[in-house]
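Here is how the chains run, residue by residue.
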Protein chains: 2
Amino acid sequence: MTQEINPPVRKQATSYDVARLAGVSQSAVSRVFKSGASASAKMRKRVLAAATEIGYRPNAIARGLITQRSNMVGVVISRMTNLYYPELLVQLTQAFSERGIRVLLFTLEHESEINVVLEQTLQYQVDGIVTAAILTPAQIDMLSAAGIPVVLYNRQAKHGQAAAVRCDQETGEAWLVAQLIASDHKRFAIISGPQDSTVSMERTGGALRHLSDLGIGDVTVVAGDYSYESGHQGLLEVHRRLGALPDAIIAANDAMAIGCIDAARHRLGVDVPESLSVVGFDGIGASRYAAYRLTTVQQPVARMTQATVEMLLQRIAQPDFGHEQRVFQGTPVRGHSARLS
Amino acid sequence: MTQEINPPVRKQATSYDVARLAGVSQSAVSRVFKSGASASAKMRKRVLAAATEIGYRPNAIARGLITQRSNMVGVVISRMTNLYYPELLVQLTQAFSERGIRVLLFTLEHESEINVVLEQTLQYQVDGIVTAAILTPAQIDMLSAAGIPVVLYNRQAKHGQAAAVRCDQETGEAWLVAQLIASDHKRFAIISGPQDSTVSMERTGGALRHLSDLGIGDVTVVAGDYSYESGHQGLLEVHRRLGALPDAIIAANDAMAIGCIDAARHRLGVDVPESLSVVGFDGIGASRYAAYRLTTVQQPVARMTQATVEMLLQRIAQPDFGHEQRVFQGTPVRGHSARLS
């Protein structure tokens, strides 16, 4: 859709207009509006009064063209079927905002659209990018060539070729598997996340590996898409395939674990956890609802967000800061959705 | 926090560099990169090859300074204790994105911070603003003076002095109240949302008015904050105050209704809906979980989002388009959390 537009001419007041009205120099006006620069309280008051009177406001974008910084960062997230992301988004936006940096938001239907979005973030001259979608080595090279620092959120950089913050999905799954096996669970099924989600691959792959290490090789895996509904359907599919329920279901996230529990209780009339254990991953709000009280692994969102913001700002300030991987351990939550001894 | 930064000098390729390499005119390069302008497939291929070779990309921000448009809109939302907003945010971002417009995201801890945020959105020269926080007449005047169109989302403009899209909260509550009264509920309590939420005021006020119209004047109101936990605590507080439970709880949103149900079942051992009816508002994902299946009113998010995007684009294209209020009716959901006859 294209629209021909004749924009209204906005006559904008300049810092010189403010200086004239306030009876001060233009550089004094500049100092008042520049964060971190000094100006006396009296000067500040005088300049702000004049600015308000004539409707002056500093143009952040024009300033960005001069300083080569836009004070904007791009945040790229996948469509939020994983309920864990909205929380992350609010925390990231607030952490950047406290440092005077705005978030330009990009959403993907599928992780495969990342190329188009990267091109757009560059057009907007963002100072850096946080992405919760996977980047190929070629994409990382493109950003590097453009001088745009990037931090991968919950994604691994191949060969460590980018800064990354993530939760240790595999160790989290190892804890869940160890608990279930120690409590005499023998037959397992897994409900995975979307095919193109690397987090789901790490979780599902991790669970399978640990089960195999502990002598359990025959595990039914059903594909979900991180949604409650797919967890619900996933359990029914496991039931159909096996002709019975296993001892435990390992769901690749909490929303699907909740769907499983509801399907067991309300469709199959099976008690959770007495007759079926269900475990999730993430620690979303609903995992604490009294109806579920999930056995899960809580991602340390606040610490991961803080680390992401710090790492991106370091790399914006010092582009040669180098790559670093920060891996946070999730917090095991025993909950009440698995029969643990 | 201020950091002194020496940005790396990025030598950026210009459209003239691309034109020289491709052996075409600069205006041909311009046409290839301008959406909606015509260029032959052959020309497009030649220009894109040259652009890729020298790393050229059009600068959206510099272009914005020339066209007086930044192709960015500001979206202002309150901190997402109301689980309904993340869904809205994704839908808005995608609808704008399909039209080549990016979303600059602003989050508020409290609606009272709106002044600071408005000043910032103006500094970034956004083409327009969607706000889910209330604006005072003075703030609307400020935006109007700056020539920035605004659409209020789920907020009413005083005296109709702004474009607004909202769900008819009061009619939704009227439906809920009428159903409950027709099904012989006599004693009511309300759990409201945060004090500074106008949506909560409309819902709570609407419910009280309709109850009063139907002869029920004595209603206990307990303050919540839209969170699950506050719904849980709210029910216990109602129980303490009355020394018993009422026939029905009207919660100002679904998250609190779910908290109420869990408190009734898991703390007080009371059956929902047999011994207590609980109704919510919003139609969030969790309202459809089999453990709850809420009686609620579903906001038509997709239609409201579509209307918001259309209205904002109309006003960016034609600043004198004038104000308009679009009010959408929610969809009643009978659910299973209220004992309806």
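Residues numbered from 1 in each chain as written. Chains lettered and ligands numbered in written order. Predicted model: local features only at pLDDT ≥ 70, side-chain atom pairs only at ≥ 80, totals over all residues.

### So, the overall build of chain A
Phase 1: In terms of regular secondary structure, chain A is built from 12 helices and 12 strands.
Phase 2: Expressed as a percentage of the 341 residues in chain A, the buried residues total 46%.
Phase 3: A separation of at least 24 residues holds for 69% of the contacts in chain A among residues at least 6 apart in sequence. (Helix = DSSP H or I, 4+ residues; strand = E, 2+ residues; numbered from the N terminus. Buried ≥ 20, exposed ≤ 12 C-beta atoms within 10 Å, placed from the backbone. Contact = placed C-beta atoms within 7 Å.)

### Things to note about the pairing of strand β4 (residues 150-153) of chain A
All names here are of chain A.
Phase 1: Here β4 shows two buried faces, one formed by Val 150 and Leu 152 and the other by Val 151 and Tyr 153.
Phase 2: With 3 bridges joining them, strand β3 (residues 128-131) and β4 adopt parallel strand pairing. Directly across from Val 130, in β4, lies its bridge partner Val 151.
Phase 3: Of the pairings in the sheet, the one linking β4 to strand β5 (residues 163-167) comprises 3 bridges and is parallel in character. Opposite Leu 152, over in β5, you have Ala 164 as the bridge partner. (Pairing = 2+ DSSP bridges.)

### Digging into helix α10 (residues 228-242) of chain A
Residues and elements named next belong to chain A.
Phase 1: The terminal C-alpha atoms of α10 lie 21 Å apart, and with 15 residues this matches the ideal 21 Å at 1.5 Å per residue to within 8%.
Phase 2: Looking at α10, one finds that the buried residues are Tyr 228, Ser 230, Gly 231, His 232, Gly 234, Leu 235 and Val 238.
Phase 3: Where α10 is buried, its residues touch β6 (188-192), β7 (220-223), β8 (248-251) and α11 (254-267).
Phase 4: Just past α10, the residue Gly 243 takes up positive phi, approximately 70°. (Expected span 1.5 Å × (residues − 1).)

### A look at the domain arrangement of chain A
Phase 1: Per the domain assignment, the segments making up chain A are domain 1 (15-58), domain 2 (70-167 + 301-329) and domain 3 (169-299).
Phase 2: Averaged C-alpha coordinates put domain 2 of chain A and domain 3 of chain A at centres separated by 29 Å. (Domains from an automatic or database assignment.)

### Some remarks on the pairing of β8(A)
Residues and elements named next belong to chain A.
Phase 1: Residues of β8 alternate between two faces, with Ala 248 and Ile 250 on one and Ile 249 and Ala 251 on the opposite face, all of them buried.
Phase 2: Relative to β8, β6 is paired through 4 bridges, and the arrangement is parallel. Residue pairing for β8: Ile 190 is matched across the bridge by Ile 250.
Phase 3: Both β8 and strand β9 (residues 277-279) contribute to a ladder of 3 bridges, which runs parallel. When the sheet's bridge partners are listed, Ile 250 is paired in β9 with Val 279.

### With respect to the packing of α10(A) against α11(A)
Residue and element names in this part refer to chain A.
Phase 1: In contact at an axis separation of 6 Å, α10 and α11 are set at 50° when each is read in the N-to-C sense. The angle between α10 and α11 falls in the class oblique. Judged by the sense of rotation from one axis to the other, the crossing of α10 with α11 is right-handed. Of the residues in α11, those in contact with Tyr 228, Glu 229, Ser 230, Gly 231, His 232, Gly 234, Leu 235 and Leu 236 of α10 are Ala 255, Met 256, Ala 257, Ile 258, Gly 259, Cys 260, Asp 262, Ala 263, Ala 264 and Arg 267. (Axes fitted to C-alpha atoms, helices over the stretch in contact; angles between N-to-C directions. Parallel < 35°, antiparallel > 145°, perpendicular 65-115°, else oblique. Left-handed = near helix turned anticlockwise from the far one by under 90°.)

### Here we look at the sheet that holds strand β9 (residues 277-279) of chain B
Residues and elements named next belong to chain B.
Phase 1: Taken in spatial order, the 4 strands line up as β7-β6-β8-β9 in an open sheet, and their pairing is parallel. Each having just a single partner strand, β7 (220-223) and β9 make up the two edges of the open sheet. Each adjacent strand pair in this sheet contributes to an overall mean axis angle of 20°, direction not counted.
Phase 2: Against the sheet, helix α10 (residues 228-242) engages β6 (188-192), β7 and β8 (248-251), with an angle of about 140° to β7.

### Describing helix α9 (residues 198-213) of chain B
Residue and element names in this part refer to chain B.
Phase 1: The terminal C-alpha atoms of α9 lie 22 Å apart, and with 16 residues this matches the ideal 22 Å at 1.5 Å per residue to within 8%.
Phase 2: All buried positions along α9 are accounted for by Val 199, Ser 200, Glu 202, Arg 203, Thr 204, Gly 206, Ala 207, Leu 208, His 210 and Leu 211.
Phase 3: Along its buried surface, α9 packs onto α8 (169-182), β6, β7 and β8.
Phase 4: Downstream of α9 by a residue or two, Gly 215 has a phi angle that is positive, lying close to 90°.

### Describing the sheet that holds β6(A)
Residue and element names in this part refer to chain A.
Phase 1: Reading across the sheet, the 4 strands line up as β7-β6-β8-β9 and stay open at both edges, with parallel pairing between neighbours. At either margin of the open sheet sits one strand with a lone partner, and together these are β7 and β9. Direction aside, neighbouring strands of the sheet carry axes that sit 20° apart on average.

### A look at the nonpolar core
Looking at soluble globular proteins, one finds that nonpolar side chains tend to be buried together.
Phase 1: In this structure, A:Val73, A:Val75, A:Val151, B:Val73, B:Val75 and B:Val151 are the most contacted members of the largest nonpolar core, which totals 87 residues.
Phase 2: The element that contributes the greatest number of residues to this core is helix α12 (residues 301-317) of chain B, accounting for 8 residues.
Phase 3: With residues near it in sequence (within four places) discarded, B:Val75 still touches B:Leu92, B:Val103, B:Leu105, B:Phe106 and B:Val130.
Phase 4: Ranked by size, the runner-up nonpolar core spans 80 residues in total, among them A:Leu208, A:Tyr226, B:Val177 and B:Ala338. (Core = buried A, V, L, I, M, F, W, Y, C linked by C-beta atoms within 7 Å.)

### A closer look at the packing of helix α1 (residues 15-22) of chain B against helix α3 (residues 41-54) of chain B
Residue and element names in this part refer to chain B.
Phase 1: Contact geometry for α1 and α3: axes closest at 9 Å, N-to-C directions at 120°. In terms of axis orientation, α1 runs oblique to α3. Handedness of the α1/α3 crossing: right-handed. Of α3, the residues touching α1 (which contributes Asp 17, Val 18, Leu 21 and Ala 22) are Arg 46, Val 47, Ala 50, Ala 51, Glu 53 and Ile 54.

### Looking at unusual backbone geometry
Most peptide bonds adopt trans geometry, and most residues besides glycine take a negative phi value.
Residue and element names in this part refer to chain A.
Phase 1: The omega torsion across Val 272 and Pro 273 is 10°, close enough to zero to call that bond cis.
Phase 2: For Gln 125, which is not a glycine, the phi torsion comes out positive at approximately 55°.
Phase 3: Looking at where Gln 125 falls in the secondary structure, it is placed in the loop between α6 (114-123) and β3.
Phase 4: Judged by C-beta crowding, with 23 C-beta atoms within 10 Å, Gln 125 ranks as buried.

### Observations regarding the environment of A:Thr220
All names here are of chain A.
Phase 1: Tracing the backbone through its elements, the reader meets Thr 220 in strand β7.
Phase 2: Sequence-wise, Thr 220 and Met 304 are 84 residues apart; in three dimensions their C-alpha atoms are separated by 32 Å.
Phase 3: In this view, Thr 220 contacts Ala 189, Val 238, Arg 241 and Leu 242; residues no more than four positions away in its chain are not counted.

### Let's talk about the environment of B:Leu340
Residues and elements named next belong to chain B.
Phase 1: Following the sequence through the fold, Leu 340 ends up in the segment after β12 (331-333).
Phase 2: Considering only alpha carbons, one finds Leu 340 and Thr 107, 233 residues apart in sequence, at a separation of 39 Å.
Phase 3: Apart from the residues lying within four places of it in its own chain, the contact partners of Leu 340 are Gln 179, Ser 183, Thr 295 and Arg 334.

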